Amino acid sequence: MSLYTDYLTEIETRKADGLHPKPIDDGALVEELIAQIEEAGNEHREDSLKFFIYNTLPGTTSAAGVKAAFLKKIILGDAVVEEITPDFAFELLSHMKGGPSVEVLIDLALGDDAETATQAAEVLKTQVFLYEADTGRLATAYKAGNAIAKDILESYAKAEFFTKLPEVDDEIEVVTYIAAEGDISTDLLSPGNQAHSRSDRELHGKCMISEAAQKEIEALKLQHPGKRVMLIAEKGTMGVGSSRMSGVNNVALWTGKQASPYVPFVNIAPIVAGTNGISPIFLTTVGVTGGIGLDLKNWVKKLDENGKPILNNEGNPILDQKYSVATGTVLKINTKSKKLLSEDGEELTDVSGAFTPAKVEFMKAGGSYAVVFGKMLQTFAAETLGVTPPAVFAPSKEVSHEGQGLTAVEKIFNANARGTTPGKVLHAGSDVRVQVNIVGSQDTTGLMTAQELEAMAATVISPSVDGAYQSGCHTASVWDKKAQANIPKLMSFMNNFGLITARDPKHVYHSMTDVIHKVLNDITVSDWDIIVGGDSHTRMSKGVAFGADSGTVALALATGEATMPIPESVKVTFKGKMKDYMDFRDVVHATQKQMLEQHGDNVFQGRIIEVHIGTLLADQAFTFTDWTAEMKAKASICISNDETLIASLELAKHRIEVMIDKGMDNEAGTLAGLIAKADKRIAEIRSGEKPALKPDDNAKYFAEVVVDLDLIDEPMIADPDVNNADPSRRYTHDTIRPVSYYGGEKKVDLGFVGSCMVHKGDVKIVAQMLKNLEKANGKVEFKAPLVVAAPTYNIIDELKAEGDWEILQKYSGFEFDDLFPKTQNRTEYENILYLERPGCNLCMGNQEKAARGDTVLATSTRLFQGRVVEDSSEKKGESLLASTPVVVLSAVLGRTPSTDEYKAAVEGIDLTKFAPPLQAPETTRSAHF
């Protein structure tokens, strides 16, 4: 059996599922294709030729390397293929986006044949994905007097790779398609339970929205030739919850344009819209593909004579429709006037926010990567030639207000900015290139990140990145065939690229499935760091962290940079005192509730939440910053007191040392370098040279929220409100209810303590509650299953050492075993305690899941429809979110508890306490250290 016959077998299998042949990334298979192409009369020659031309992946895949080498032979006349002329070979090289193709083009451009060199140079002038090895060759040749190299560099200095591209169309006609009413999570566009297929773009495309929706979109395209389909979140925000590159890829696959005729299933330039615009991190992903994201503002709140919103009987604002975007409506986008128009030319709304100079550049270039690399290439060429580059690209927007102080995020951006006007202090609204210190890649998007790195021809991590981690947490629950096929390959790629990886390809250390956000929270060892991670919950208690799509993560790994505007900030402070029976998770829920009460609208959306929580250690403070993703915030910054920050850094050092002891450090000594950086930061704080990050007293905020702890007198629950008459009010995080709302009668089918929202203290609380209940009742009986998944292995090790794990084992009917991991997901649960492997577990919904129609009470974060639990034919599934003690007690009772039952159950239990910081740092910071 050859690789080719295996490929034919796979093609037949895919054909049965309505799929085309899978794109080829294996160089050995391409070598077989070439052998069959060169053999006249071979029965597979015609198909092999098609696969070689149209179905071989570009970039740095091994397939691209073999393809580029063969095209070079054709150009040099060392091989003859009637269907691939030298001119066509050059065209194919031009679509291969760097790596081996650029190496071949430079070989030819610097070669002895003048005609070939000139032709290669013309192709090279269109390429932007060049790295030091490539630019170094050109610089060396130029300094040696090579005229071709000089010509190429002069073209790069003028940025002709950008200036010669076609301009964005003056007018774009669209036909609308309402994907859903209310907020659209990226789970609708790319469901978490289909994460295993994300790197197979055609297969994954079949999971977008529904098969019926896909047929409706195809019908619209047939009915409106020449018009683009615009996907809409009616009465909501598009792309909430996560950036999810696969969501944008799916939208582009069904509604966008093919990036290259020689690369299958890679589409760009989707058009998406929402009544309330696009979620910030999702909008970044849209920019990666050169797409358009519109804020429609087609529904507005009805106001009374005092200018306040008129509410309906349920307390929700009544909306007035300004104009219709019903499915099938034809609209026009004028990119020059930046207006959305009706089919007849009537102005409907201003969309200038979608057409800033930077965004238009992304559209022209076919995505943000080309612009980022193009700017670097122009700078290199100009410096090598000793010339001043022309101002081709739109200048970065620099906003500076004299006499105005800086918020915490403004301080971090100013400290990490690259390429800005020297000495100029920048405020919110500025566009900034920033150094990225820490990068995280998670396992259900990691394969896509690897593909993006290959596509942009990157082979090694940028030396300016302090640390990067590839997790295994999103696929930790079940070691099934999909995980076995994908995860080792991913870990090997990322390990070779220079990341610290959860699984060691060399089998030196035990595989770790620790939740990525927890690991990133530990390896972030400065409050001045910028962190980028492939998940919306990349929210750290130190520095400022941004959840990002797989492509932006790849860009950060390859270049050590990210580009974004400095966001506005909302200041959150606290007053009052927590009641002894309350858990800090209730403070988190109450913040959302009180913010809405104080401001009416979600002032957190698209902004930085600057939370003044300085007396809470990193693990516990992370609970708050993690939740900010659900508040639709762009990111969150935690303001810590000096002593608290030092204690958090010491804890981080300890955990990094554990990783080193396990053998996880690499040849570059990345983890050891992080400990040295933490020591340096601790010394700066202790000496007073550089205290813990704080905003200036005269910093300007978009809004301020004061959370009154005295008002929190009973546990709070975030309810998806699945039966709300207004669909736009379902599955949001705006419905926060006290536990008494349920009257102690709401049936609970399953409890879940786990995900990135819990820390060591939460698992200790589970153990303490079991001891309490056992003491009161003689034993503990569960009336609903309770699933407990600790976030990290070191937490379990510490719990074992401290004696808490024993009581958990006593009541568990299942305990994970890494020697014999589950190979299939659990479909039925007994009324027992399940001690699951560290990782995301039920929160992801891609492996473990509750039964359809269940009511789940969980500590996790997601209220997405169908995430933790799907609907049944009889009942809608609902995932309510609460504190650990509420979840545990609900599983024991099989229902939500009354306030009195709750108070009795937690009496004497060491819950996560929080006191607002005083002028002088407190010595007691948290119950759990």
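Residues numbered from 1 in each chain as written. Predicted model: local features only at pLDDT ≥ 70, side-chain atom pairs only at ≥ 80, totals over all residues. Heavy atoms only, no water.

Looking only at helices and strands, one finds 31 helices and 33 strands in the protein. In terms of overall dimensions, the protein is globule-like: its C-alpha atoms have a radius of gyration of 28 Å, near the 30 Å expected for 929 residues. Each principal axis of the C-alpha atoms in the protein carries an extent, and together these give about 90 × 70 × 65 Å. When the accessible surface of the protein is totalled, it reaches about 35,200 Å², and 49% of it is carbon and sulfur. Separation between the mean location of the 95 positive side-chain charges and that of the 130 negative ones in the protein comes to 3 Å. (Helix = DSSP H or I, 4+ residues; strand = E, 2+ residues; numbered from the N terminus. Rg over C-alpha atoms; globule rule 2.2 N^0.38 Å. Areas by Shrake-Rupley, 256 points an atom, 1.4 Å probe, with all protein chains shown as cover. Lys, Arg positive; Asp, Glu negative; His and termini not counted. Charge placed at Lys NZ, Arg CZ, Asp CG, Glu CD.)

Quick look at the pattern of salt bridges now. Under the criterion given, the structure shown has 56 salt bridges. Between K72 and D107 there is a salt bridge whose closest N-O contact spans 3.1 Å. Taken as a pair, K72 in helix α4 (residues 62-76) and D107 in helix α6 (residues 100-109) lie far apart in primary sequence, 35 residues in all. Assessed through its relative accessible area of 24%, K72 is described here as partly exposed. Exposure remark for D107: the relative accessible area of 24% places this residue in the partly exposed category. (Salt bridge = Lys/Arg side-chain N within 4 Å of Asp/Glu carboxyl O. Buried < 20%, exposed > 50% of the residue type's maximum accessible area, 1.4 Å probe, protein only.)

Inspection of the entire model under this criterion finds 18 aromatic pairs. Between F52 and F70, the ring centres sit 5.7 Å apart and the planes meet at 90 degrees, which makes this aromatic pair edge-to-face. With a gap of 18 residues between them, F52 in helix α3 (residues 45-54) and F70 in helix α4 connect regions that are remote in the sequence. F52 sits in the buried class, given a relative accessible area of 0%. Taken together, the aromatic side chains of F574, F584, F624 and F914 make up a single cluster linked through ring pairs. (Phe/Tyr/Trp six-rings, centres within 6.5 Å; stacked < 30°, edge-to-face > 60°.)

Before going further, it helps to examine the nonpolar core. Note on soluble globular proteins: their nonpolar side chains tend to be buried together. Counting residues in hydrophobic clusters, the biggest one holds 130 residues, and the most contacted among them are Y469, F574, F604, I613 and L808. With 7 residues, the top contributor of residues to this core is helix α27 (residues 760-777). Apart from residues lying up to four places away in sequence, L808 is in contact with V763, V766, A767, L770, L833 and L835. (Core = buried A, V, L, I, M, F, W, Y, C linked by side-chain atoms within 4.5 Å. Contact = heavy atoms within 4.5 Å.)

Before going further, it helps to examine the pairing of strand β8 (residues 292-295). One ladder, built from 4 bridges, connects strand β7 (residues 271-274) with β8; its direction is parallel. Residue pairing for β8: I271 is matched across the bridge by I292. Between the parallel pair β7 and β8, the chain is carried across by helix α15 (residues 280-288), and the sense of this crossover is right-handed. (Pairing = 2+ DSSP bridges. Right-handed = clockwise from strand over helix to strand, strands pointing away.)

So, on to the sheet that holds strand β1 (residues 171-181). Judged by pairing direction, the sheet is mixed, and its 7 strands sit side by side in the order β8-β7-β3-β1-β11-β12-β13 without closing on themselves. Sheet topology places β8 and β13 (347-350) at the edges, where each strand pairs with a single neighbour. Each strand axis lies, on average, 30 degrees off the axis of its neighbour in the sheet, ignoring direction. (Axes fitted to C-alpha atoms, helices over the stretch in contact; angles between N-to-C directions.)

Before going further, it helps to spend a moment on the environment of Q127. Along the polypeptide, Q127 turns up in the loop between α7 (114-124) and α8 (132-143). Taking the C-alpha atoms as reference points, Q127 and F161, separated by 34 residues in sequence, lie 6.6 Å from one another. Ignoring any residue separated from it by four or fewer positions in sequence, one finds Q127 in contact with L93, S94, K97, G98, V102, L105, Y156 and L377. Of note is the side chain of Q127, whose polar atom sits 3.1 Å from the backbone oxygen of S94. (Polar contact = N/O pair within 3.5 Å; in protein donor to acceptor, adjacent residues only side chain to side chain.)

As a further point, take helix α23 (residues 584-599). The end-to-end C-alpha distance of α23 is 23 Å, a good match for the 22 Å that 16 residues give at a rise of 1.5 Å each. Across the 16 residues that make up α23, a large majority, 12, are buried. All buried positions along α23 are accounted for by F584, R585, D586, V587, V588, H589, A590, T591, Q592, Q594, M595 and L596. The N-cap residue of α23 is D583: its side-chain oxygen and the backbone nitrogen of R585 are 3.0 Å apart. Directly beyond the C-terminal end of α23, a positive phi value near 80 degrees is found at G600. (Expected span 1.5 Å × (residues − 1).)

Attention now goes to the packing of α23 against helix α24 (residues 618-627). In the contact formed by α23 and α24, the axes pass within 10 Å of each other and the chain directions differ by 25 degrees. The orientation of α23 relative to α24 falls into the category roughly parallel. In this structure, α23 crosses over α24, and the sense of that crossing is right-handed. Across from F584, R585, V588, H589 and T591 in α23, the residues of α24 making contact are Q620, T623, F624 and W627. (Parallel < 35°, antiparallel > 145°, perpendicular 65-115°, else oblique. Left-handed = near helix turned anticlockwise from the far one by under 90°.)

Here we take up helix α16 (residues 357-365). In an α-helix, one full turn covers 3.6 residues, which means residues spaced three or four apart are oriented alike. Among all positions in α16, only E361, M363 and K364 are buried. Projected onto a plane normal to the axis of α16, the buried residues spread over an arc of 160 degrees and lie on a single side. Buried residues in α16 make contact with α10 (160-163), β8 and α17 (368-385). The first or second residue beyond α16 is G366, which carries a positive phi of 85 degrees. (Arc of directions from axis to C-beta.)

The next subject is the packing of α27 against helix α28 (residues 793-802). It is at 10 Å that the axes of α27 and α28 come closest, and there the two elements cross at 40 degrees. Taken together, the axes of α27 and α28 lie oblique to each other. Considering the relative orientation of α27 and α28, their crossing is right-handed. Where α27 abuts α28, its residues K760, V763 and K764 lie against I795, E798, L799 and E802. When grouped by side-chain class, the residues that make up the contact of α27 with α28 number 3 nonpolar, no polar and 4 charged. (Nonpolar A, V, L, I, M, F, W, Y, C, P; charged D, E, K, R; others polar.)

Of the two faces of strand β29 (residues 786-789), the one holding L786 and V788 and the one holding V787 and A789 are both buried throughout. In this sheet, β29 lies alongside strand β28 (residues 750-753) in parallel orientation, the contact comprising 3 bridges. Among the inter-strand pairings, V753 is bridged to a residue of β29, identified as V788. Regarding the hand of the β-α-β motif, the stretch spanning β28, α27 and β29 is right-handed.

In this structure, F265 is a non-glycine residue whose phi angle is positive, near 65 degrees. With a phi angle near 60 degrees, A269 is a residue other than glycine that sits in the positive phi range. With respect to the element layout, A269 can be found in the loop between β6 (267-268) and β7.

This part is about the sheet that holds strand β14 (residues 417-418). As a general point, the strands of a sheet are linked pairwise by backbone hydrogen bonds and lie either parallel or antiparallel. The strand order across the open sheet formed by 3 strands is β14-β15-β21, and the pairing between neighbours is antiparallel. The sheet is open, and its two edges are formed by β14 and β21 (561-565), each paired on a single side. When β14 meets strand β15 (residues 431-435), the two strands line up antiparallel, connected through 2 bridges. Residue pairing in the sheet places R418 in a bridge with R433 of β15.

By secondary structure assignment, the location of Q768 is in helix α27. C-alpha separation for the pair Q768 and I909, spaced 141 residues apart in sequence, amounts to 6.3 Å. Every residue in contact with Q768, bar those within four places of it in the chain, is listed here: I909 and D910.

Our next topic: a negative patch on the surface. A cluster of acidic residues, D87, D112, D113 and E115, forms a negative patch on the protein surface. Structurally, E115 is set in helix α7. Exposure remark for E115: the relative accessible area of 65% places this residue in the exposed category. (Patch = residues over 30% accessible without salt bridge, like charges linked within 9 Å, V, L, I, M, F, W, Y side chains within 5 Å.)

Mapped onto the elements of the fold, D719 is located in the loop between β26 (716-718) and β27 (736-738). A polar side-chain atom of D719 sits 3.0 Å from a polar atom in the side chain of R737. Side chain to side chain, D719 and Y742 meet in a polar contact 2.6 Å long. Setting aside residues no more than four positions away along its own chain, D719 makes contact with T732, T735, R737, Y742, L863, E878 and L880.

By themselves, these figures tell us nothing about what the structure is for.
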